[in-house]
Amino acid sequence: EDKVVQSPLSLVVHEGDTVTLNCSYEVTNFRSLLWYKQEKKAPTFLFMLTSSGIEKKSGRLSSILDKKELFSILNITATQTGDSAIYLCAVEATGGFKTIFGAGTRLFVKA
Amino acid sequence: NAGVTQTPKFRVLKTGQSMTLLCAQDMNHEYMYWYRQDPGMGLRLIHYSVGEGTTAKGEVPDGYNVSRLKKQNFLLGLESAAPSQTSVYFCASSQGQLYQPQHFGDGTRLSIL
């Protein structure tokens, strides 16, 4: 059965800390991995990763994919209170429509 | 720039009642989706549509029906609500199936008593 597992489930850090969020997957016919940020309401798109070893970066956030070991990480440097959110990892696959979401990592950044 | 709009935002139903959740997108996207989000389980796909007049079952379709009569609208119906359907429901849309991020609405919080 296809699955996406995120760790840790929750995390509390102080402003300025660097955090690493993990996403591992077992999905047949993998096509891409996506990261979303969910604050109070709608998840919003962060990154899409399709190739191993190529880092995607946006400001203090970066992400990389390892298709051999079947995982991705999302790094946030110099965290701010505005980074507090649930971070969702999703994997797209072919062979019939399929996007599998992980349960998310809840990040809380203390001032 | 509205994006994806869901109505209502909150609703409380009694067991056995019916209701329809509305989703509208103004991005001319072909694909639309309904998910439910429960604690510890992530987003699970209920139904989806690949274009006007088409619908298909997702991972957890039982107890729900959908319709896509117009490209911009995707309706989710509960014919006879059950407490197990208490959840937060998200609608999303995308231009294509693969390599396209999904754009989400703000969600509908539904409680079934």
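For the structure, see preceding data.
Residues numbered from 1 in each chain as written. Chains lettered and ligands numbered in written order. Predicted model: local features only at pLDDT ≥ 70, side-chain atom pairs only at ≥ 80, totals over all residues. Heavy atoms only, no water.

### So, the overall build of chain B
Check the secondary structure of chain B and you find 0 helices and 11 strands. When the helices and strands of chain B are placed in sequence order, the string is β-β-β-β-β-β-β-β-β-β-β. For a compact globule of 113 residues, the expected C-alpha radius of gyration is about 13 Å, and chain B comes in at 13 Å, within 12% of that figure. The dimensions of chain B, computed from C-alpha atoms along their principal axes, are 35 × 30 × 25 Å. Sequence-distant contacts, at least 24 apart, represent 55% of the contacts inside chain B between residues at least 6 apart. Surface exposure of chain B reaches about 5400 Å², of which carbon and sulfur atoms provide 51%. (Helix = DSSP H or I, 4+ residues; strand = E, 2+ residues; numbered from the N terminus. Rg over C-alpha atoms; globule rule 2.2 N^0.38 Å. Contact = heavy atoms within 4.5 Å. Areas by Shrake-Rupley, 256 points an atom, 1.4 Å probe, with all protein chains shown as cover.)

### Describing the layout of surface pockets
Approximately 730 Å³ is the volume found for the largest pocket. Forming the walls of the largest pocket are 33 residues, and the residues nearest its centre are Q38, I86 and R106 of chain A together with Q37 and R109 of chain B. Mapped onto the lining of the largest pocket, the elements with two or more residues apiece are β9 (85-93) and β11 (105-110) of chain A together with β4 (31-38), β9 (87-94) and β11 (108-112) of chain B. Across the lining of the largest pocket, the residue classes break down as 12 nonpolar, 13 polar and 8 charged. In this structure, the second largest pocket occupies an estimated 450 Å³ of space. In terms of lining residues, the second largest pocket is bounded by 21 residues, among which D2, T99 and I100 of chain A together with R44 and E59 of chain B are the most central. Counting residues per element, the ones that place at least two in the lining of the second largest pocket are β1 (3-7) and β10 (98-101) of chain A together with β5 (42-49) of chain B. Across the lining of the second largest pocket, the residue classes tally to 10 nonpolar, 4 polar and 7 charged. (1 Å grid on protein atoms, 1.4 Å probe; cavity = no way out; pocket = protein on both sides within 12 Å on 5 of 7 lines; lining within 4 Å. Points joined across faces, edges and corners; volume = space filled by probe spheres on them. Nonpolar A, V, L, I, M, F, W, Y, C, P; charged D, E, K, R; others polar.)

### So, the sheet that holds strand β7 (residues 64-67) of chain B
The pairing of strands in a sheet happens through backbone hydrogen bonds and is either parallel or antiparallel. Residue and element names in this part refer to chain B. Overall, antiparallel pairing links the 4 strands, which are arranged β1-β3-β8-β7 in an open sheet. With partners counted over all chains shown, the strands left at the sheet margins are β1 (4-7) and β7, one partner each. Neighbour-to-neighbour, the strand axes of this sheet turn through a mean angle of 20°, independent of strand direction. Here 4 bridges tie β1 to strand β3 (residues 19-25), and the two strands are oriented antiparallel to one another. Within the sheet, the bridge partner assigned to V4 lies in β3 and is Q25. (Pairing = 2+ DSSP bridges. Axes fitted to C-alpha atoms, helices over the stretch in contact; angles between N-to-C directions.)

### Quick notes on the sheet that holds strand β8 (residues 71-76) of chain A
All names here are of chain A. Taken together, 5 strands build an open sheet; the order of strands is β1-β3-β8-β7-β6 and the sheet is antiparallel. The sheet is open, and its two edges are formed by β1 and β6 (56-58), each paired on a single side. Each strand of the sheet is rotated relative to its neighbour by a mean of 15°, with strand direction disregarded. Across 5 bridges, the pairing between β1 and strand β3 (residues 19-26) is antiparallel. Its bridge partner being in β3, S7 is matched across the sheet by N22.

### Quick word on the interface of chain A and chain B
Taken together, the 22 residues of chain A in the interface contact 19 residues of chain B. Summed over both sides, the interface between chain A and chain B buries roughly 1700 Å², with carbon and sulfur atoms accounting for 65% of that surface. Three residues stand out in chain A for area buried against chain B, namely K41, F97 and F101 of chain A, and they jointly supply 36% of the buried area on that side. Our count for the chain A to chain B interface comes out at 0 salt bridges. Here chain A and chain B share 2 residue pairs in polar contact (both at pLDDT 80 or more) between them. Of all the secondary structure elements, the ones that give two or more residues to the side of chain A that touches chain B are β4 (30-38), β5 (43-49), β9 and β10 of chain A. (Buried area = accessible area lost by both parts, 1.4 Å probe. Salt bridge = Lys/Arg side-chain N within 4 Å of Asp/Glu carboxyl O. Polar contact = N/O pair within 3.5 Å; in protein donor to acceptor, adjacent residues only side chain to side chain.)

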